[in-house]
Amino acid sequence: MRVKVRFAAALARLAAAPQLTLDLPDGATVGQLLDRLAGEQPELAPALGAALPVRAGSHVAHDDALADGDEVALLIPVAGGS
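The rules behind these values
- Throughout this document, residue positions are counted from 1 along each chain, in the order its sequence is written.
- Local features are withheld for residues below a pLDDT of 70 in this predicted model, meaning they are given only at 70 or higher, and side-chain atom pairs are given and counted only at 80 or more; totals for whole chains, interfaces and linings count all residues.
- No hydrogens and no water enter the side-chain calculation; it runs on all heavy atoms of the structure.
- The pairing criterion is simple: DSSP has to find at least two bridges between the two strands.
- The helix count covers DSSP runs of H or I at least four residues long, the strand count covers runs of E at least two residues long, and both are numbered beginning at the N terminus.
- For the purposes of this section, nonpolar cores are sets of buried Ala, Val, Leu, Ile, Met, Phe, Trp, Tyr and Cys residues that join through side-chain atoms within 4.5 Å.
- Classification of residues uses two cut-offs on accessible area relative to the type maximum, computed with a 1.4 Å probe and protein chains only: under 20% is buried, over 50% is exposed, and between them is partly exposed.
- We call two residues in contact when some of their heavy atoms are within 4.5 Å.
- Should a side-chain nitrogen of Lys or Arg be within 4 Å of a carboxyl oxygen of Asp or Glu, the pair is scored as a salt bridge.

### A look at the pairing of strand S3 (residues 52-55)
Strand direction decides the pairing type here: S3 and strand S5 (residues 71-75), joined by four bridges, are antiparallel. By the bridge assignment, Pro-53 is partnered in S5 with Leu-74. Across two bridges, S3 lies against strand S4 (residues 58-59) in antiparallel orientation. Paired with Arg-55 across the bridge in S4 is Ser-58.

### A look at the nonpolar core
Ranked by internal contacts, the top residues of the largest apolar core, which has 22 residues, are Phe-7, Leu-24, Leu-33, Leu-37, Leu-66 and Leu-74. If you tally residues by element for this core, the top one is helix H2 (residues 30-40), at four residues. With sequence-adjacent residues up to four places away left out, Leu-66 is seen in contact with Met-1, Val-3, Leu-24, Ala-28, Thr-29, Val-30, Leu-33, Arg-55 and Val-72.

### Quick notes on the pattern of salt bridges
Enumeration according to the criterion identifies four salt bridges in this entry. Across the pair Glu-40 and Arg-36 runs a salt bridge whose closest N-O atoms are separated by 2.4 Å. Linking Glu-40 with Arg-36, this pair stays in helix H2, spanning four residues, or about one helical turn. The class for Arg-36 is partly exposed, based on a relative accessible area of 30%. Here Arg-55 ties to Asp-70 by a salt bridge, and the two come within 3.2 Å at their closest N and O atoms. Separated by 15 residues along the polypeptide, Arg-55 in strand S3 and Asp-70 in the loop between S4 and S5 bring together distant segments of the chain. The exposure class assigned to Arg-55 is partly exposed, which follows from its relative accessible area of 22%. On the basis of relative accessible area, Asp-70 is assigned to the buried category, the value being 16%.

### Description of the environment of Asp-64
Mapped onto the fold, Asp-64 is located in the loop between S4 and S5. A relative accessible area of 27% places Asp-64 in the partly exposed class. C-alpha separation for the pair Asp-64 and Thr-29, spaced 35 residues apart in sequence, amounts to 5.3 Å. Asp-64 has contacts with Ala-28, Thr-29, Val-30 and Arg-55, leaving out every residue within four places of it along the chain.

As structure tokens, then:
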């Protein structure tokens, strides 16, 4: 199956491209997607632990299964404000 991955600001600067398409085995999970990214792009690995995976506008857990054609955005949480 093919899954698109979009990287938010800080991650996009570390990634080879701001958006990737990966071929994953059927039934792959978000965690497996992150493991694959860490293996293929080691410069991303330290930041992936803090990344929030979002699919269709909702946060997804690492054990959630992906489907062909899914798009996962990886966001870095930001704190601040008053």
